[in-house]
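Single-letter residue listing:
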Amino acid sequence: MTTGGETPRAAGGWREGDPAGRRLWYSHDGPLAGLPAVKIAYETWGTLNADRSNAVLVEHALTGDSHVAGVVEPGHPTPGWWDALVGPGRPLDPAHWFIVVPNVLGGCQGTTGPLSAAPDGKPWGSRFPLVTARDQVTAEVALADALGVDAWAAVLGGSMGGMRAVEWAVGHPDRLRSLLLLATPAASSAEQIALASTQVHAVRADPVLGLGIARRIAHISYRTEAELAARFGRDPQGDGRFAVESYLDHHADKLVRRFDPDSYVVLTESMNSHDVGRDRGGVRAALRRVTARTIVAGVDTDRLFPLAQQAELAAGITTADDLRVVTSDYGHDAFLIESDQVGALVRELLPTRVPSGA
Ligand SMILES: CC(=O)SCCNC(=O)CCNC(=O)[C@H](O)C(C)(C)COP(=O)(O)OP(=O)(O)OC[C@H]1O[C@@H](n2cnc3c(N)ncnc32)[C@H](O)[C@@H]1OP(=O)(O)O
Ligand SMILES: N[C@@H](CCO)C(=O)O
(Lines give C-alpha, C1' and ligand atoms only; values in the text may rest on other atoms or scores of the structure.)
(Ligands and ions follow the chains in the order given, each with its own letter.)
Protein backbone atom coordinates (compact mmCIF):
# COMPACT_ATOMS: atom_id res chain seq x y z
CA MET A 1 0.00 0.00 0.00
CA THR A 2 1.10 3.56 -0.58
CA THR A 3 0.03 6.98 0.56
CA GLY A 4 0.13 10.01 -1.66
CA GLY A 5 2.56 10.63 -4.45
CA GLU A 6 0.35 9.60 -7.34
CA THR A 7 -0.97 11.81 -10.06
CA PRO A 8 -4.68 12.65 -9.94
CA ARG A 9 -5.39 10.82 -13.17
CA ALA A 10 -3.91 7.63 -11.78
CA ALA A 11 -6.92 7.42 -9.50
CA GLY A 12 -9.23 6.67 -12.38
CA GLY A 13 -11.88 9.29 -12.64
CA TRP A 14 -10.63 12.72 -11.77
CA ARG A 15 -11.57 14.83 -14.74
CA GLU A 16 -11.55 18.48 -13.86
CA GLY A 17 -11.43 20.97 -11.09
CA ASP A 18 -8.58 19.46 -9.14
CA PRO A 19 -7.68 22.32 -6.81
CA ALA A 20 -4.07 22.82 -7.83
CA GLY A 21 -3.21 19.19 -7.28
CA ARG A 22 -3.26 19.22 -3.48
CA ARG A 23 -5.16 15.94 -3.37
CA LEU A 24 -3.38 12.77 -2.19
CA TRP A 25 -4.19 9.13 -2.73
CA TYR A 26 -4.07 6.14 -0.45
CA SER A 27 -3.95 2.81 -2.29
CA HIS A 28 -4.97 -0.48 -0.73
CA ASP A 29 -4.19 -3.61 -2.69
CA GLY A 30 -7.36 -5.18 -1.38
CA PRO A 31 -9.60 -6.90 -1.13
CA LEU A 32 -11.31 -4.15 0.82
CA ALA A 33 -14.98 -3.46 1.34
CA GLY A 34 -15.85 -6.12 -1.23
CA LEU A 35 -13.61 -4.62 -3.91
CA PRO A 36 -10.41 -6.14 -5.26
CA ALA A 37 -8.46 -2.93 -4.65
CA VAL A 38 -9.30 0.57 -3.45
CA LYS A 39 -7.83 4.04 -3.81
CA ILE A 40 -8.97 6.81 -1.55
CA ALA A 41 -8.48 10.43 -2.56
CA TYR A 42 -8.10 12.71 0.42
CA GLU A 43 -6.91 16.13 1.44
CA THR A 44 -5.40 17.24 4.71
CA TRP A 45 -4.91 20.56 6.46
CA GLY A 46 -2.57 21.07 9.39
CA THR A 47 -0.06 18.62 10.86
CA LEU A 48 -0.47 15.47 12.89
CA ASN A 49 1.07 16.15 16.30
CA ALA A 50 3.62 13.99 18.07
CA ASP A 51 1.14 11.94 20.08
CA ARG A 52 -1.27 11.77 17.14
CA SER A 53 -4.08 13.22 19.17
CA ASN A 54 -5.20 16.15 17.01
CA ALA A 55 -6.65 14.41 13.94
CA VAL A 56 -10.16 15.34 12.86
CA LEU A 57 -12.09 13.45 10.20
CA VAL A 58 -14.64 15.41 8.16
CA GLU A 59 -17.15 13.33 6.22
CA HIS A 60 -18.70 14.97 3.17
CA ALA A 61 -22.30 14.65 1.98
CA LEU A 62 -23.73 13.18 -1.23
CA THR A 63 -22.21 15.50 -3.81
CA GLY A 64 -19.37 16.84 -1.72
CA ASP A 65 -15.72 15.88 -1.97
CA SER A 66 -12.42 16.08 -0.17
CA HIS A 67 -12.12 19.83 -0.75
CA VAL A 68 -13.65 21.07 2.48
CA ALA A 69 -11.64 24.29 2.47
CA GLY A 70 -10.17 26.30 -0.34
CA VAL A 71 -8.85 29.51 1.04
CA VAL A 72 -6.44 28.27 3.66
CA GLU A 73 -3.25 28.15 1.71
CA PRO A 74 -1.95 30.66 -0.84
CA GLY A 75 -1.98 29.13 -4.29
CA HIS A 76 -4.94 26.88 -3.55
CA PRO A 77 -7.87 29.23 -3.98
CA THR A 78 -10.57 26.79 -5.18
CA PRO A 79 -13.56 27.28 -2.87
CA GLY A 80 -14.31 24.54 -0.39
CA TRP A 81 -17.73 23.39 0.71
CA TRP A 82 -17.19 24.33 4.39
CA ASP A 83 -14.86 27.29 3.97
CA ALA A 84 -16.37 29.17 6.90
CA LEU A 85 -15.50 26.32 9.24
CA VAL A 86 -11.95 25.47 8.21
CA GLY A 87 -9.09 27.95 8.28
CA PRO A 88 -7.05 30.21 10.53
CA GLY A 89 -9.17 31.40 13.45
CA ARG A 90 -12.06 29.23 12.35
CA PRO A 91 -13.57 26.36 14.32
CA LEU A 92 -11.28 23.87 12.57
CA ASP A 93 -8.01 25.77 12.60
CA PRO A 94 -5.16 23.93 10.83
CA ALA A 95 -2.76 25.52 13.33
CA HIS A 96 -4.29 23.19 15.92
CA TRP A 97 -5.95 20.33 14.10
CA PHE A 98 -4.86 17.81 11.50
CA ILE A 99 -7.96 17.80 9.34
CA VAL A 100 -8.49 14.83 7.02
CA VAL A 101 -11.20 14.73 4.37
CA PRO A 102 -11.49 11.66 2.16
CA ASN A 103 -13.69 11.36 -0.90
CA VAL A 104 -16.22 8.63 -0.16
CA LEU A 105 -15.87 5.09 -1.54
CA GLY A 106 -18.16 4.89 -4.57
CA GLY A 107 -17.71 8.59 -5.24
CA CYS A 108 -16.41 10.29 -8.35
CA GLN A 109 -13.93 12.83 -7.04
CA GLY A 110 -10.83 10.66 -7.02
CA THR A 111 -11.74 7.69 -4.81
CA THR A 112 -12.54 4.28 -6.28
CA GLY A 113 -16.00 4.39 -7.76
CA PRO A 114 -17.89 3.59 -10.96
CA LEU A 115 -15.47 5.64 -13.07
CA SER A 116 -12.56 3.49 -11.89
CA ALA A 117 -11.31 0.49 -13.82
CA ALA A 118 -12.80 -2.89 -12.93
CA PRO A 119 -10.59 -6.00 -13.10
CA ASP A 120 -11.41 -6.33 -16.83
CA GLY A 121 -9.83 -2.91 -17.40
CA LYS A 122 -13.09 -1.20 -18.30
CA PRO A 123 -14.80 1.30 -15.99
CA TRP A 124 -17.05 -0.31 -13.42
CA GLY A 125 -19.93 1.91 -14.51
CA SER A 126 -23.29 0.48 -13.48
CA ARG A 127 -21.55 -2.80 -12.50
CA PHE A 128 -20.05 -1.18 -9.41
CA PRO A 129 -21.15 -3.22 -6.39
CA LEU A 130 -23.41 -1.95 -3.64
CA VAL A 131 -21.31 -0.34 -0.94
CA THR A 132 -22.85 0.52 2.39
CA ALA A 133 -21.84 3.29 4.77
CA ARG A 134 -20.22 0.50 6.78
CA ASP A 135 -18.10 -0.51 3.77
CA GLN A 136 -17.18 3.12 3.21
CA VAL A 137 -16.00 3.37 6.80
CA THR A 138 -14.02 0.13 6.45
CA ALA A 139 -12.08 1.84 3.66
CA GLU A 140 -11.58 4.94 5.81
CA VAL A 141 -10.29 2.82 8.70
CA ALA A 142 -7.58 1.57 6.35
CA LEU A 143 -6.77 5.20 5.49
CA ALA A 144 -6.60 6.12 9.18
CA ASP A 145 -4.23 3.20 9.76
CA ALA A 146 -2.04 4.36 6.89
CA LEU A 147 -1.97 7.91 8.27
CA GLY A 148 -1.05 6.66 11.73
CA VAL A 149 -4.26 7.93 13.30
CA ASP A 150 -5.20 5.50 16.07
CA ALA A 151 -8.09 7.61 17.33
CA TRP A 152 -9.69 10.72 15.84
CA ALA A 153 -10.09 13.69 18.14
CA ALA A 154 -13.43 14.09 16.36
CA VAL A 155 -15.41 12.71 13.48
CA LEU A 156 -17.83 15.23 11.96
CA GLY A 157 -20.47 14.57 9.34
CA GLY A 158 -23.70 15.95 7.95
CA SER A 159 -26.36 14.18 5.91
CA MET A 160 -24.71 11.25 4.10
CA GLY A 161 -21.49 12.22 5.90
CA GLY A 162 -23.30 11.73 9.19
CA MET A 163 -24.17 8.18 8.15
CA ARG A 164 -20.47 7.39 7.91
CA ALA A 165 -19.75 9.31 11.10
CA VAL A 166 -22.26 7.28 13.13
CA GLU A 167 -20.93 4.08 11.57
CA TRP A 168 -17.44 5.05 12.78
CA ALA A 169 -18.77 5.66 16.29
CA VAL A 170 -20.76 2.42 16.48
CA GLY A 171 -18.40 0.13 14.60
CA HIS A 172 -15.10 1.52 15.90
CA PRO A 173 -15.87 3.21 19.22
CA ASP A 174 -12.26 3.08 20.38
CA ARG A 175 -11.10 5.08 17.37
CA LEU A 176 -12.75 8.42 18.06
CA ARG A 177 -13.07 10.65 21.10
CA SER A 178 -15.86 12.92 19.92
CA LEU A 179 -18.57 12.95 17.32
CA LEU A 180 -20.76 15.54 15.60
CA LEU A 181 -23.81 14.27 13.74
CA LEU A 182 -25.68 16.84 11.66
CA ALA A 183 -29.01 16.44 9.87
CA THR A 184 -28.63 12.69 9.58
CA PRO A 185 -30.53 9.54 10.60
CA ALA A 186 -29.67 6.29 12.37
CA ALA A 187 -31.43 4.55 9.50
CA SER A 188 -32.94 5.81 6.27
CA SER A 189 -36.71 6.11 6.48
CA ALA A 190 -39.30 4.84 4.02
CA GLU A 191 -39.84 8.37 2.69
CA GLN A 192 -36.11 8.95 2.19
CA ILE A 193 -35.84 5.65 0.32
CA ALA A 194 -38.91 6.58 -1.73
CA LEU A 195 -37.46 9.91 -2.78
CA ALA A 196 -34.04 8.45 -3.43
CA SER A 197 -35.22 5.42 -5.37
CA THR A 198 -37.28 7.71 -7.60
CA GLN A 199 -34.07 9.57 -8.39
CA VAL A 200 -32.28 6.30 -9.11
CA HIS A 201 -35.01 5.34 -11.58
CA ALA A 202 -34.54 8.66 -13.36
CA VAL A 203 -30.77 8.16 -13.69
CA ARG A 204 -31.14 4.58 -14.87
CA ALA A 205 -33.65 5.69 -17.53
CA ASP A 206 -31.21 8.26 -18.93
CA PRO A 207 -27.90 8.94 -17.20
CA VAL A 208 -27.55 12.60 -18.18
CA LEU A 209 -31.15 13.79 -18.30
CA GLY A 210 -31.94 11.54 -15.35
CA LEU A 211 -29.14 12.95 -13.22
CA GLY A 212 -30.54 16.42 -13.81
CA ILE A 213 -34.04 15.28 -12.87
CA ALA A 214 -32.67 13.54 -9.79
CA ARG A 215 -30.92 16.73 -8.69
CA ARG A 216 -34.12 18.73 -9.14
CA ILE A 217 -36.11 16.28 -7.01
CA ALA A 218 -33.34 16.13 -4.43
CA HIS A 219 -32.79 19.87 -4.31
CA ILE A 220 -36.46 20.53 -3.54
CA SER A 221 -36.08 18.17 -0.58
CA TYR A 222 -32.93 20.03 0.53
CA ARG A 223 -34.77 23.37 0.80
CA THR A 224 -38.12 24.56 2.19
CA GLU A 225 -41.49 25.53 0.84
CA ALA A 226 -41.21 28.88 2.62
CA GLU A 227 -37.79 29.67 1.15
CA LEU A 228 -38.89 28.82 -2.37
CA ALA A 229 -42.03 30.92 -1.95
CA ALA A 230 -40.11 33.91 -0.59
CA ARG A 231 -37.28 33.76 -3.13
CA PHE A 232 -39.19 32.88 -6.26
CA GLY A 233 -42.92 33.05 -5.72
CA ARG A 234 -44.69 32.60 -9.02
CA ASP A 235 -42.33 34.94 -10.83
CA PRO A 236 -41.89 34.23 -14.52
CA GLN A 237 -38.65 34.72 -16.37
CA GLY A 238 -38.29 36.25 -19.84
CA ASP A 239 -37.65 32.81 -21.32
CA GLY A 240 -41.03 31.46 -20.22
CA ARG A 241 -39.78 29.44 -17.27
CA PHE A 242 -40.83 30.09 -13.70
CA ALA A 243 -37.93 31.53 -11.71
CA VAL A 244 -37.97 28.50 -9.43
CA GLU A 245 -37.87 26.24 -12.48
CA SER A 246 -34.85 28.12 -13.77
CA TYR A 247 -33.22 27.80 -10.33
CA LEU A 248 -33.67 24.03 -10.36
CA ASP A 249 -32.45 23.86 -13.95
CA HIS A 250 -29.32 25.69 -12.84
CA HIS A 251 -28.62 23.25 -10.00
CA ALA A 252 -29.30 20.32 -12.31
CA ASP A 253 -26.93 21.65 -14.97
CA LYS A 254 -24.21 22.28 -12.42
CA LEU A 255 -24.39 18.77 -11.04
CA VAL A 256 -24.45 17.14 -14.47
CA ARG A 257 -21.23 19.01 -15.26
CA ARG A 258 -19.40 17.82 -12.17
CA PHE A 259 -20.84 14.45 -11.13
CA ASP A 260 -20.90 10.93 -12.51
CA PRO A 261 -24.42 9.43 -12.89
CA ASP A 262 -23.33 5.92 -11.88
CA SER A 263 -21.69 7.32 -8.78
CA TYR A 264 -24.89 9.18 -7.93
CA VAL A 265 -26.74 5.85 -8.07
CA VAL A 266 -24.13 4.02 -5.98
CA LEU A 267 -24.11 6.70 -3.28
CA THR A 268 -27.88 7.03 -3.27
CA GLU A 269 -28.25 3.28 -2.83
CA SER A 270 -25.65 3.32 -0.08
CA MET A 271 -27.81 5.89 1.72
CA ASN A 272 -30.91 3.76 1.19
CA SER A 273 -29.10 0.80 2.75
CA HIS A 274 -28.04 2.82 5.80
CA ASP A 275 -29.19 1.25 9.04
CA VAL A 276 -26.71 1.50 11.88
CA GLY A 277 -28.65 -1.24 13.69
CA ARG A 278 -28.35 -3.82 10.92
CA ASP A 279 -26.87 -7.09 12.29
CA ARG A 280 -26.35 -5.32 15.62
CA GLY A 281 -29.67 -6.02 17.31
CA GLY A 282 -31.35 -2.87 16.08
CA VAL A 283 -30.71 0.85 16.28
CA ARG A 284 -31.00 1.25 20.05
CA ALA A 285 -28.57 -1.58 20.77
CA ALA A 286 -26.14 -0.25 18.17
CA LEU A 287 -26.19 3.31 19.49
CA ARG A 288 -25.39 2.08 22.99
CA ARG A 289 -21.95 1.06 21.65
CA VAL A 290 -20.94 4.70 21.15
CA THR A 291 -18.44 5.97 23.70
CA ALA A 292 -17.43 9.25 22.05
CA ARG A 293 -18.60 12.51 23.51
CA THR A 294 -21.36 13.35 21.05
CA ILE A 295 -23.33 16.31 19.82
CA VAL A 296 -26.30 15.61 17.57
CA ALA A 297 -27.92 18.51 15.75
CA GLY A 298 -30.78 18.80 13.31
CA VAL A 299 -32.36 21.64 11.38
CA ASP A 300 -35.79 22.84 12.45
CA THR A 301 -36.96 23.11 8.82
CA ASP A 302 -35.34 19.94 7.43
CA ARG A 303 -38.03 18.04 5.57
CA LEU A 304 -35.66 15.36 4.27
CA PHE A 305 -34.01 14.28 7.53
CA PRO A 306 -36.48 15.68 10.07
CA LEU A 307 -35.58 16.49 13.67
CA ALA A 308 -37.21 13.32 15.01
CA GLN A 309 -34.37 11.33 13.47
CA GLN A 310 -31.71 13.35 15.26
CA ALA A 311 -33.77 13.13 18.47
CA GLU A 312 -33.57 9.34 18.13
CA LEU A 313 -29.78 9.54 17.79
CA ALA A 314 -29.39 11.90 20.74
CA ALA A 315 -31.62 9.75 22.94
CA GLY A 316 -29.95 6.51 21.95
CA ILE A 317 -26.32 7.59 22.34
CA THR A 318 -25.66 7.52 26.05
CA THR A 319 -22.70 9.90 25.72
CA ALA A 320 -24.67 12.50 23.73
CA ASP A 321 -25.75 15.92 24.90
CA ASP A 322 -29.36 16.95 24.51
CA LEU A 323 -30.42 17.40 20.90
CA ARG A 324 -29.28 20.71 19.38
CA VAL A 325 -31.43 22.53 16.86
CA VAL A 326 -30.08 24.69 14.05
CA THR A 327 -32.70 27.28 13.16
CA SER A 328 -32.83 28.14 9.50
CA ASP A 329 -35.05 29.09 6.60
CA TYR A 330 -33.03 26.79 4.33
CA GLY A 331 -34.05 23.29 5.42
CA HIS A 332 -31.66 20.36 5.08
CA ASP A 333 -28.94 22.37 3.29
CA ALA A 334 -28.61 24.48 6.45
CA PHE A 335 -25.83 22.16 7.63
CA LEU A 336 -23.81 23.59 4.73
CA ILE A 337 -25.10 27.16 4.91
CA GLU A 338 -25.61 28.09 8.60
CA SER A 339 -21.91 28.17 9.36
CA ASP A 340 -22.18 30.35 12.49
CA GLN A 341 -24.48 27.88 14.22
CA VAL A 342 -22.64 24.80 12.97
CA GLY A 343 -19.29 26.40 13.77
CA ALA A 344 -20.42 27.03 17.35
CA LEU A 345 -21.19 23.33 17.70
CA VAL A 346 -17.77 22.39 16.36
CA ARG A 347 -16.06 24.78 18.81
CA GLU A 348 -18.09 23.30 21.64
CA LEU A 349 -17.16 19.75 20.72
CA LEU A 350 -13.47 20.32 20.21
CA PRO A 351 -11.33 21.75 22.99
CA THR A 352 -9.78 25.11 22.19
CA ARG A 353 -6.45 23.98 23.58
CA VAL A 354 -4.50 21.52 21.52
CA PRO A 355 -3.88 18.21 23.26
CA SER A 356 -0.34 17.61 24.44
CA GLY A 357 2.23 16.64 21.86
CA ALA A 358 1.43 19.43 19.41
C1 LIG B 1 -16.92 24.39 -6.02
C2 LIG B 1 -17.71 23.11 -6.19
O3 LIG B 1 -17.69 22.46 -7.15
S4 LIG B 1 -18.66 22.60 -4.85
C5 LIG B 1 -18.31 20.91 -4.81
C6 LIG B 1 -18.75 20.38 -3.59
N7 LIG B 1 -20.17 20.51 -3.52
C8 LIG B 1 -20.79 20.21 -2.43
O9 LIG B 1 -20.17 19.94 -1.46
C10 LIG B 1 -22.24 20.23 -2.49
C11 LIG B 1 -22.73 21.03 -1.44
N12 LIG B 1 -23.24 22.29 -1.94
C13 LIG B 1 -24.52 22.44 -2.23
O14 LIG B 1 -25.29 21.53 -2.14
C15 LIG B 1 -25.01 23.77 -2.64
O16 LIG B 1 -24.07 24.37 -3.49
C17 LIG B 1 -25.29 24.72 -1.50
C18 LIG B 1 -26.17 24.08 -0.48
C19 LIG B 1 -24.03 25.11 -0.78
C20 LIG B 1 -25.94 25.92 -2.16
O21 LIG B 1 -26.45 26.77 -1.23
P22 LIG B 1 -26.73 28.33 -1.50
O23 LIG B 1 -25.48 29.07 -1.23
O24 LIG B 1 -27.95 28.65 -0.71
O25 LIG B 1 -27.01 28.47 -3.03
P26 LIG B 1 -28.42 28.51 -3.80
O27 LIG B 1 -29.15 27.24 -3.64
O28 LIG B 1 -29.13 29.75 -3.46
O29 LIG B 1 -27.96 28.57 -5.32
C30 LIG B 1 -27.22 29.65 -5.80
C31 LIG B 1 -27.09 29.50 -7.30
O32 LIG B 1 -28.40 29.51 -7.91
C33 LIG B 1 -28.39 30.49 -8.94
N34 LIG B 1 -29.74 31.01 -9.07
C35 LIG B 1 -30.47 31.67 -8.16
N36 LIG B 1 -31.68 31.99 -8.69
C37 LIG B 1 -31.72 31.51 -9.95
C38 LIG B 1 -32.69 31.53 -10.99
N39 LIG B 1 -33.88 32.08 -10.85
N40 LIG B 1 -32.35 30.91 -12.15
C41 LIG B 1 -31.15 30.32 -12.33
N42 LIG B 1 -30.19 30.29 -11.37
C43 LIG B 1 -30.47 30.87 -10.18
C44 LIG B 1 -27.39 31.53 -8.48
O45 LIG B 1 -26.95 32.31 -9.57
C46 LIG B 1 -26.31 30.66 -7.90
O47 LIG B 1 -25.51 30.15 -8.94
P48 LIG B 1 -24.00 29.65 -8.68
O49 LIG B 1 -24.06 28.64 -7.56
O50 LIG B 1 -23.61 29.01 -9.98
O51 LIG B 1 -23.19 30.84 -8.32
N1 LIG C 1 -26.61 19.81 -0.91
C2 LIG C 1 -26.11 18.58 -0.35
C3 LIG C 1 -27.28 17.77 0.04
C4 LIG C 1 -27.00 16.41 0.55
O5 LIG C 1 -26.79 16.48 1.91
C6 LIG C 1 -25.21 17.88 -1.34
O7 LIG C 1 -25.36 18.12 -2.53
O8 LIG C 1 -24.36 17.10 -0.94
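All of these numbers come straight from a predicted model, not from anything done at the bench.

**A closer look at the side chain of Ser246**
Consideration 1: Within the element layout of this structure, Ser246 appears in helix α6 (residues 243-258).
Consideration 2: Once you skip the residues sitting within four places of it in the chain, Ser246 turns out to touch Gln237 and Arg241.

**A word on the site of ligand 2**
Consideration 1: Taken together, Ala61, Leu62, Thr63, Ser159, Arg215, Tyr222, His332, Asp333, Phe335 and Leu336 form the complete shell of residues around ligand 2.
Consideration 2: His332 is positioned with one of its side-chain polar atoms (N or O) 3.1 Å from an oxygen atom of ligand 2.
Consideration 3: Computed on the free molecule, ligand 2 has an accessible area of 260 Å², of which 93% lies beneath the protein chains in the complex.
Consideration 4: Going through the elements one at a time, α4 (207-222) and α10 (334-337) are the ones with two or more residues in the shell around ligand 2.
Consideration 5: Broken down by class, the residue content of the shell around ligand 2 amounts to five nonpolar, three polar and two charged.

**Remarks on unusual backbone geometry**
Consideration 1: Here the residue pair Gly30 and Pro31 is connected by a cis peptide bond, since its omega of 0° sits within 30 degrees of zero.
Consideration 2: Within the secondary structure layout, Pro31 lies in the loop between β2 (24-28) and β3 (38-45).
Consideration 3: One non-glycine residue with positive phi stands out, namely Ser159, at about 60°.
Consideration 4: Its location among the elements puts Ser159 in the loop between β6 (154-158) and α2 (160-171).
Consideration 5: Of note in the backbone geometry, Ala183 takes a positive phi value of approximately 45° without being a glycine.
Consideration 6: Relative to the assigned elements, Ala183 resides in the loop between β7 (178-182) and α3 (190-205).

**Some details on the layout of surface pockets**
The method is simple in principle: a probe with the dimensions of a water molecule rolls over the atoms, and the space it marks as empty is what remains.
Consideration 1: The space that makes up the second largest pocket amounts to roughly 190 Å³.
Consideration 2: If you go around the second largest pocket, you meet 13 residues; those closest to its centre are Ser126, Arg204, Asp262, Val265 and Val266.
Consideration 3: Mapped by element, the contributors of at least two residues to the lining of the second largest pocket are α3 and α7 (261-273).
Consideration 4: The class makeup of the residues in the lining of the second largest pocket is eight nonpolar, two polar and three charged.

**Comments concerning the UniProt feature "binding site: substrate" (unreviewed entry) in the protein chain**
Consideration 1: Taking the numbering used here, the UniProt-annotated feature "binding site: substrate" (unreviewed entry) corresponds to Arg215 and Asp333. These annotated residues cover 119 residues of sequence, and their C-alpha atoms all fall within 13.4 Å of one another, placing them together at a single site.
Consideration 2: By secondary structure assignment, the location of Arg215 is in helix α4.
Consideration 3: As for its placement among the helices and strands, Asp333 is situated in the loop between β9 (324-326) and α10.
Consideration 4: Setting aside residues no more than four positions away along its own chain, Asp333 makes contact with His219, Tyr222 and Arg223.

**As for the pairing of β6**
Regular strands place their side chains on alternate faces of the sheet.
Consideration 1: Among the five residues in β6, five count as buried, and that is most of the element.
Consideration 2: Side chains Ala154, Leu156 and Gly158 project from β6 onto one buried face, and the interleaved Val155 and Gly157 project onto a second face that is buried too.
Consideration 3: Relative to β6, strand β4 (residues 55-59) is paired through four bridges, and the arrangement is parallel. For Glu59, the partnering residue across the bridge sits in β6 and is Gly157.
Consideration 4: One ladder, built from four bridges, connects β6 with β7; its direction is parallel.

**Re the site of ligand 1**
Consideration 1: Taken together, 20 residues lie near ligand 1, and Arg223, Ser246, Tyr247, His250 and Lys254 sit nearest.
Consideration 2: Arg223 places a side-chain nitrogen or oxygen 2.8 Å from an oxygen atom of ligand 1.
Consideration 3: For ligand 1, an oxygen atom lies 2.5 Å from a polar atom in the side chain of Tyr247.
Consideration 4: The protein chains hide 61% of the 1,100 Å² of surface that ligand 1 would expose on its own.
Consideration 5: Among the elements of the structure, α4, α5 (225-232), α6 and α10 are those that each provide at least two residues to the shell around ligand 1.
Consideration 6: Examining the composition of the shell around ligand 1, we find that seven residues originate from one element, α6, more than from any other.
Consideration 7: Residues of the shell around ligand 1, tallied by class, amount to six nonpolar, seven polar and seven charged.

What counts and what doesn't
Residues numbered from 1 in each chain as written. Chains lettered and ligands numbered in written order. Predicted model: local features only at pLDDT ≥ 70, side-chain atom pairs only at ≥ 80, totals over all residues. Heavy atoms only, no water. Helix = DSSP H or I, 4+ residues; strand = E, 2+ residues; numbered from the N terminus. Contact = heavy atoms within 4.5 Å. Near = heavy atom within 4 Å. Polar contact = N/O pair within 3.5 Å; in protein donor to acceptor, adjacent residues only side chain to side chain. Areas by Shrake-Rupley, 256 points an atom, 1.4 Å probe, with all protein chains shown as cover. Nonpolar A, V, L, I, M, F, W, Y, C, P; charged D, E, K, R; others polar. 1 Å grid on protein atoms, 1.4 Å probe; cavity = no way out; pocket = protein on both sides within 12 Å on 5 of 7 lines; lining within 4 Å. Points joined across faces, edges and corners; volume = space filled by probe spheres on them. UniProt positions renumbered as here; feature names shortened; annotations may be inferred. Buried < 20%, exposed > 50% of the residue type's maximum accessible area, 1.4 Å probe, protein only. Pairing = 2+ DSSP bridges.

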